[in-house]
Protein chains: 2
Amino acid sequence: MDENIQSEYQKLDRLLEHRSRFAICALLKRYDKMAFSRFKQLLKETDGNLGAQLRKLEDAAYIVVEKEFQGRKPVSWYQLTEQGRAALRSHLEGLEALAS
Amino acid sequence: MDENIQSEYQKLDRLLEHRSRFAICALLKRYDKMAFSRFKQLLKETDGNLGAQLRKLEDAAYIVVEKEFQGRKPVSWYQLTEQGRAALRSHLEGLEALAS
DNA sequence: AAATATACTCTATATTTTAGAGTACTCTGC
DNA sequence: GCAGAGTACTCTAAAATATAGAGTATATTT
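On a predicted model such as this, the values are computed, not experimentally measured, just so you know.

(A) Quick peek at the protein's contact with DNA strand D. Taken together, the neighbourhood of DNA strand D is formed by 19 residues, with Arg19, Arg21 and Arg72 of chain A together with Asp47 and Ser76 of chain B sitting nearest. Per the 4 Å cut-off to the protein, sugar and phosphate atoms form 72% of the nearby atoms of DNA strand D. Between a phosphate oxygen of DNA strand D and a side-chain N or O atom of His18 of chain A, the distance comes to 2.8 Å. Within the side chain of Arg19 of chain A, one N or O atom sits 2.5 Å away from a phosphate oxygen of DNA strand D. Elements supplying a minimum of two residues to the surface near DNA strand D: helix H3 (19-31) and helix H5 (47-59) of chain A together with helix H4 (36-43), helix H5 (47-59) and strand S3 (73-80) of chain B.

Here it is in structure tokens:
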């Protein structure tokens, strides 16, 4: 049984260890599309920090951005990719198995 | 409902974000006492890294160490404190609530 | 028209993680 | 009885990561 610990531990995803990145993916799993400003409102991170975390998730192809203008204001919409969804699932499985 | 997201997010514990520290606490919840060498075997981290993570958890009083000799070999035994147990519980609640 | 706000990006510093070397032994085989 | 390998750590310095704050461009409010 203990030997499973190793495989569960291996499932943990370094990108998803970070609270903001985890929360971003978890929220996107629930809400499908979210805007930068909404994340900022919910997570209360500084713009710089939030932007950096989103960028990392994008670089890893866990999320995709679509930038559009609403009137004259720029809005960035974020969505979870299939890859991001799978990574989140696996990460959660690992966490839960370890803590069970 | 969304306003709960903030409180769940706040529950996430920075110390427990790290995979090794999370796994250490999760294992100690299960096994009560574990030795350095056992963690090393299960988590496959280098000695230096594992030692550093254990130290951080100790500094935060999430775990306590007892150092003894088994024959002539030093063995460090780690145990979860009540504080560590509470932190782990709260962290897990936060994660699960966010991802649900 | 000045002040405040939104929606970001960029950059530089602070913090954290990590690997690897070092210490102090023990144990095994020759 | 001593060389080589192993155990059980700690220490240190470099690499990676996180974070804050400044900057850009525009909008809205007073």
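Anyway, onward from the coordinates.
(B) Region of interest: the relation of the copies chain A and chain B. With an RMSD of 0.1 Å, the fit of chain A onto chain B corresponds to turning through 180° and sliding 0.0 Å along the axis. Given the turn and translation reported, the copies of this chain are related as if by a two-fold rotation axis. Within chain A, Glu17 of chain A has its C-alpha nearest the rotation axis, a separation of 2.7 Å. When the interface residues of chain A are mapped onto chain B, 100% of them again lie at the interface, so the same face is used by both copies.

(C) Layout of the protein's contact with DNA strand C. Close to DNA strand C lie 19 residues, the nearest being Asp47 and Ser76 of chain A together with His18, Arg19 and Lys56 of chain B. In DNA strand C, atoms within 4 Å of the protein come 68% from sugar and phosphate. Interatomic distance of 2.6 Å between a side-chain N/O atom of Asp47 of chain A and a base nitrogen of DNA strand C. Taken together, the elements giving at least two residues each to the surface near DNA strand C come down to helix H4 (36-43), H5 and strand S3 (73-80) of chain A together with helix H3 (19-31) and H5 of chain B. Residue contributions to the surface near DNA strand C peak at four residues, all from H5 of chain B. A breakdown of the residues in the surface near DNA strand C according to their chemical character gives four nonpolar, seven polar and eight charged.

(D) Layout of the side chain of Thr81 of chain A. All names here are of chain A. Its place among the elements puts Thr81 in the loop between S3 and helix H6 (82-99). There is a polar contact of 2.6 Å between the side chain of Thr81 and the backbone oxygen of Ala61. Excluding residues that lie within four positions of it along the chain, Thr81 makes contacts with Ala61, Tyr62, Ile63 and Val64.

(E) Molecular detail of the packing of H6 of chain A against H3 of chain B. Two numbers describe how H6 of chain A lies on H3 of chain B: the axes approach to 8 Å, and their chain directions differ by 35°. Contacts between H6 of chain A and H3 of chain B pair Leu95, Ala97, Leu98 and Ala99 of chain A from the former with Phe22, Ala23, Ala26, Lys29 and Arg30 of chain B from the latter. By residue class, the composition of the contact of H6 of chain A with H3 of chain B is seven nonpolar, no polar and two charged.

(F) Inspection of the side chain of His91 of chain A at higher detail. Position of His91 of chain A relative to the elements: it lies in helix H6. What makes His91 of chain A buried here is its relative accessible area of 3%.

(G) Focus on the pattern of salt bridges. Counted according to the given criterion, the structure contains twelve salt bridges over all chains. Here Arg85 of chain A and Glu82 of chain A are joined by a salt bridge, their closest N and O atoms 3.7 Å apart. Taken together, the positions of Arg85 of chain A and Glu82 of chain A, both in helix H6 and three residues apart, correspond to about one turn of that helix. For Glu82 of chain A, a relative accessible area of 54% translates into the label exposed. Across the pair Glu8 of chain B and Lys11 of chain B runs a salt bridge whose closest N-O atoms are separated by 3.6 Å. Of this pair, Glu8 of chain B and Lys11 of chain B are both found in helix H1 (residues 2-11), three residues apart, which corresponds to roughly one turn of the helix. Overall, the relative accessible area of 29% leaves Lys11 of chain B in the partly exposed class.

Rules used in this analysis
- Residues numbered from 1 in each chain as written.
- Chains lettered and ligands numbered in written order.
- Predicted model: local features only at pLDDT ≥ 70, side-chain atom pairs only at ≥ 80, totals over all residues.
- Heavy atoms only, no water.
- Near = heavy atom within 4 Å.
- Polar contact = N/O pair within 3.5 Å; in protein donor to acceptor, adjacent residues only side chain to side chain.
- Helix = DSSP H or I, 4+ residues; strand = E, 2+ residues; numbered from the N terminus.
- Least-squares fit on C-alpha atoms with pLDDT ≥ 70 in both.
- Contact = heavy atoms within 4.5 Å.
- Nonpolar A, V, L, I, M, F, W, Y, C, P; charged D, E, K, R; others polar.
- Axes fitted to C-alpha atoms, helices over the stretch in contact; angles between N-to-C directions.
- Buried < 20%, exposed > 50% of the residue type's maximum accessible area, 1.4 Å probe, protein only.
- Salt bridge = Lys/Arg side-chain N within 4 Å of Asp/Glu carboxyl O.

Remember that the coordinates give geometry; whether it matters functionally is a separate question.
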